[in-house]
Amino acid sequence: MILLDLLFPRRCVSCGRIGKYICSRCFPKIKFIQHQLCPVCTKSAIDGITHPYCRGRYRMDGMFAACHYQGVIKQAIHLLKYRQVSDLVTELSLLLFESYPKTIPKLDLLIPVPLHARREKERGFNQSFLLAKSLGKKLGIPVKNNILKRIRYTKPQADLKREKRLDNIKNVFVCSQNGPLRGKTIGLVDDVATTFATINECASVLKQAGAKKVWGIVLAHG
Ligand SMILES: [Zn+2]
Ligand SMILES: [Zn+2]
């Protein structure tokens, strides 16, 4: 580890200073989200709890997003995904952990939004799983990576318009087992959520498989 740090020193994703991926000068530039959104209608909602009129049997119960997807955070997530710097996850999960609100109900399980097996193989890891694992360790919540599966290979959501995103994501996810989900409150973890289409679709599949409540926990929204 020390040798690796000498050979490939961590540099700030924003200013390039050696030491951390997000240095102490760039950290204050992170835009933390002050007002959470309802995961169903994406309008402002107290503590991110789904509005009473947006609730539904297979819908999400709430959503927590830590920061806006811009600046330092956008650069960090980009580095994580496309340059495969997986040890950056430690710093990013700390952001989630430190801003994690007390208003989220007690979670039984964390489940990452899965990548298609082909994309995971290309990338070498699922960044959402790494985030979930690191956050789960800090919060003392077990992580299950083998229940929710992505069975269809889709175009990256970021390349599509809103209506197309909803179509693109239909019938993409399945649950391989129901037992571990029955009656459980699940935290669904993702790195970035834009329209919430993906996370809502995952939540619906988890609820159809017996989950009692599903909360989204995402690092960045935008
Ligand atoms: Zn910096
Ligand atoms: Zn709503």
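Fair warning: this is a prediction, and the values are worked out from it, not measured in the lab.

Engineer: Any chance you could explain the environment of Cys 175 here in plain terms?
Structural biologist: In this structure, Cys 175 sits in strand 4 (residues 173-175). Distance from Cys 175 to Leu 148, taken between C-alpha atoms, is 4.6 Å for residues 27 residues apart in sequence. Discounting residues that sit within four places of it in the chain, Cys 175 has contacts with Ile 147, Leu 148, Leu 181, Val 205, Leu 206 and Ala 209.

Engineer: Got a minute to help me understand the pairing of strand 2 (residues 109-112) in this structure?
Structural biologist: Both faces of the sheet carry side chains from a regular strand, because those side chains alternate between them. Covered by surrounding structure in strand 2 are Leu 109 and Ile 111 together with Leu 110 and Pro 112, the residues of both alternating faces. Taken together, the four bridges between strand 2 and strand 5 (residues 185-193) define a ladder with parallel strand orientation. Each residue of the ladder has a partner; that of Ile 111, found in strand 5, is Leu 188.

Engineer: When you look at helix 5 (residues 127-139) in this model, what are you seeing that I'm missing?
Structural biologist: Residues that lie three or four places apart on an α-helix share one face, since the helix turns once every 3.6 residues. A rise of 1.5 Å per residue sets the reference length of helix 5, with its 13 residues, at 18 Å; its end C-alpha atoms lie 18 Å apart and thus fit the reference within 8%. Those residues of helix 5 not exposed but buried are Gln 127, Ser 128, Phe 129, Leu 130, Leu 131, Ala 132, Ser 134, Leu 135 and Gly 136. Buried residues in helix 5 make contact with helix 2 (71-82), helix 3 (89-99), strand 2, helix 4 (117-123), strand 5 and strand 6 (213-221). Capping of helix 5 at its N-terminal end is provided by Asn 126; its side-chain oxygen lies 2.9 Å from the backbone amide nitrogen of Ser 128. Remark: Gly 140 follows helix 5 within two positions and exhibits a positive phi of approximately 70°.

Engineer: I tried to follow the coordination of the zinc ion (ligand 2) on my own but got confused; where do I start?
Structural biologist: For a metal bound by four donors in tetrahedral geometry, the ideal donor-metal-donor angle is 109.5 degrees, whereas six donors in octahedral geometry ideally sit at 90 or 180 degrees. Here the zinc ion (ligand 2) is held by Cys 38 (SG), Cys 41 (SG), His 51 (ND1) and Cys 54 (SG), and the distances to it run 2.1 to 2.3 Å. Given four donor atoms and angles of 96 to 118° at the metal, the environment of the zinc ion (ligand 2) is assigned as tetrahedral. Sequence positions of the donors to the zinc ion (ligand 2) reduce to the motif C-x2-C-x9-H-x2-C. Remark: His 51 occurs in the loop between helix 1 (2-7) and strand 1 (62-68) and Cys 41 occurs in the loop between helix 1 and strand 1; sequence separation between them is ten residues. Residue classification places Cys 41 among the partly exposed residues on the basis of a relative accessible area of 23%.

Engineer: Explain the environment of Thr 194 here, please?
Structural biologist: Mapping Thr 194 onto the fold places it in the loop between strand 5 and helix 7 (197-208). Apart from the residues lying within four places of it in its own chain, the contact partners of Thr 194 are Arg 165, His 221 and Gly 222. A distance of 3.1 Å separates a polar atom in the side chain of Thr 194 from the backbone oxygen of Gly 222.

Engineer: Can you walk me through unusual backbone geometry in this structure?
Structural biologist: Most peptide bonds are trans, and most residues other than glycine sit at a negative phi. A positive phi angle is found at Thr 42, which is not glycine, with a value near 60°. Structurally, the position occupied by Thr 42 is in the loop between helix 1 and strand 1.

Engineer: Got a minute to help me understand helix 7 in this structure?
Structural biologist: Helix length check: helix 7, at twelve residues, gives a terminal C-alpha distance of 17 Å against a target of 16 Å (1.5 Å per residue), a fit within 8%. When you tally the buried positions in helix 7, you get ten out of twelve residues, the bulk of the element. Restricting attention to buried positions, one finds in helix 7 the residues Ala 197, Thr 198, Ile 199, Glu 201, Cys 202, Ala 203, Ser 204, Val 205, Leu 206 and Lys 207. Downstream of helix 7 by one or two residues, Gly 210 has phi in the positive range, about 115°.

Engineer: Teacher, can you tell me more about the coordination of the zinc ion (ligand 1) here?
Structural biologist: Within the first shell, the zinc ion (ligand 1) binds the protein through Cys 12 (SG), Cys 15 (SG), Cys 23 (SG) and Cys 26 (SG), at distances of 2.3 Å. For the zinc ion (ligand 1), the four donor atoms in the first shell make angles of 106 to 114° at the metal, so the coordination geometry reads as tetrahedral. Donor residues binding the zinc ion (ligand 1) come from one chain and are separated in sequence as C-x2-C-x7-C-x2-C. On the basis of relative accessible area, Cys 15 is assigned to the partly exposed category, the value being 41%.

Engineer: What am I meant to see in the nonpolar core here?
Structural biologist: For soluble globular proteins, nonpolar side chains are generally found buried alongside one another. Of all hydrophobic cores here, the largest spans 38 residues; its most connected members are Ile 22, Ile 73, Leu 92 and Ile 217. Taken together, the elements giving at least two residues each to this core come down to strand 1, helix 2, helix 3, helix 5, strand 5 and strand 6. The leading source of residues in this core is helix 2, at six residues. Residues Leu 109, Ile 147, Leu 181 and Ile 199 belong to the second largest nonpolar core, which totals 28 residues.

Engineer: Explain the packing of helix 2 against helix 3 here, please?
Structural biologist: Helix packing geometry: the angle between the two helix axes and the distance between the axes. At a minimum axis distance of 11 Å, the contact between helix 2 and helix 3 shows a crossing angle of 135°. Comparing the axis directions of helix 2 and helix 3 gives the class oblique. Classified by chirality, the crossing of helix 3 by helix 2 is left-handed. Contacts between helix 2 and helix 3 involve Ile 73, Ala 76 and Leu 80 on the former and, on the latter, Val 89, Leu 92 and Leu 95. By residue class, the composition of the contact of helix 2 with helix 3 is six nonpolar, no polar and no charged.

Rules of the game
Residues numbered from 1 in each chain as written. Chains lettered and ligands numbered in written order. Predicted model: local features only at pLDDT ≥ 70, side-chain atom pairs only at ≥ 80, totals over all residues. Heavy atoms only, no water. Helix = DSSP H or I, 4+ residues; strand = E, 2+ residues; numbered from the N terminus. Contact = heavy atoms within 4.5 Å. Buried < 20%, exposed > 50% of the residue type's maximum accessible area, 1.4 Å probe, protein only. Pairing = 2+ DSSP bridges. Expected span 1.5 Å × (residues − 1). Polar contact = N/O pair within 3.5 Å; in protein donor to acceptor, adjacent residues only side chain to side chain. Donors = N, O, S within 2.8 Å, 3.2 Å for Na, K, Ca; no water. Tetrahedral: all angles 85-135°; square planar, octahedral: opposite > 155°, others 65-115°. Core = buried A, V, L, I, M, F, W, Y, C linked by side-chain atoms within 4.5 Å. Axes fitted to C-alpha atoms, helices over the stretch in contact; angles between N-to-C directions. Parallel < 35°, antiparallel > 145°, perpendicular 65-115°, else oblique. Left-handed = near helix turned anticlockwise from the far one by under 90°. Nonpolar A, V, L, I, M, F, W, Y, C, P; charged D, E, K, R; others polar.

Shape is all these values report; function is a separate question.
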